[in-house]
Amino acid sequence: PRENEAAVTDLEEEWAPRLDAVPCRAGGAKVGIEYPYNPMQRLHRIGRGKDLETLLRRGRRFSSELFQASALRNELRHDRFAFVVARAVDKRATVRNRLRRRMRERVRVRHIPRAPFLDVAIFCKKEAAVVPRKVFYAALEDVLTRVRRG
């Protein structure tokens, strides 16, 4: 491992008991200063690998008119998220990226980490690309609330 990876791992272990602050190195952040919980750090994301496949195979599904979500408990001390916008939603990458950014930002701002910790994948449906922002956010919050309730 590189030198920086060891430093980040040490910080993660040092701050693991605190759920309201995590080490943040993005955007010129200084090591040693506590930043608000940010569920969008690499530590809190689910990649395209085995974890996502397991989540899709074994996770509990929740659905609304604009979103479909899949959730599964994890053994970590934090929630992890994946935001998926398929090409079928819109062929333009700019539209798909905007939807992904909206989902990610809403979770970043509104998410409160608490046990049991979950892996959550949220999928956009085609209708999400054309609804007003308030309707989009209300439907997303509805799905996230149902995911948290189980």
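Whatever comes next refers back to the structure up there.
A short tour of the structure in this document, coming up. (Residues numbered from 1 in each chain as written. Predicted model: local features only at pLDDT ≥ 70, side-chain atom pairs only at ≥ 80, totals over all residues. Heavy atoms only, no water.)

**Section: the packing of aromatic side chains**
Logical step 1: Overall, the coordinates contain three aromatic pairs when judged by the stated rule.
Logical step 2: Seen from their ring centres, Phe67 and Phe136 are 5.1 Å apart, and the 75° between their planes marks the pair as edge-to-face. Of the two residues, Phe67 is situated in strand E4 (residues 67-73) and Phe136 in helix H4 (residues 133-149); the sequence distance between them amounts to 69 residues.
Logical step 3: Summarising the aromatic geometry, the rings of Phe81 and Phe83 are spaced 6.0 Å apart at their centres and angled 5° between planes, so their arrangement reads as stacked.
Logical step 4: By way of ring pairs, the aromatic residues Phe67, Phe136 and Tyr137 are connected into one cluster.
Logical step 5: A cation over an aromatic ring shows up here: Arg102 above the ring of Phe136, its NZ or CZ 5.7 Å from the ring centre.
Logical step 6: We note Arg106 situated over the ring of Tyr137; from NZ or CZ to the ring centre the distance is 4.2 Å. (Phe/Tyr/Trp six-rings, centres within 6.5 Å; stacked < 30°, edge-to-face > 60°. Helix = DSSP H or I, 4+ residues; strand = E, 2+ residues; numbered from the N terminus. Lys NZ or Arg CZ within 6 Å of the ring centre and 35° of its normal.)

**Regarding the sheet that holds strand E3 (residues 60-63)**
Logical step 1: Read from one edge to the other, the open sheet built from four strands follows the order E3-E4-E6-E5, with strand pairing classed as mixed. Every other strand in the sheet has two partners, leaving E3 and strand E5 (80-84) as the edge strands with one partner each. Geometrically, the sheet is characterised by an average inter-axis angle of 15° between neighbouring strands, direction not taken into account.
Logical step 2: Taken strand by strand, helix H2 (residues 50-58) contacts E3, E4, E5 and strand E6 (118-124), and its axis lies near 105° from that of E4.
Logical step 3: Packed onto the sheet, helix H3 (residues 93-110) meets E4, E5 and E6 and runs at close to 155° relative to E5. (Pairing = 2+ DSSP bridges. Axes fitted to C-alpha atoms, helices over the stretch in contact; angles between N-to-C directions. Contact = heavy atoms within 4.5 Å.)

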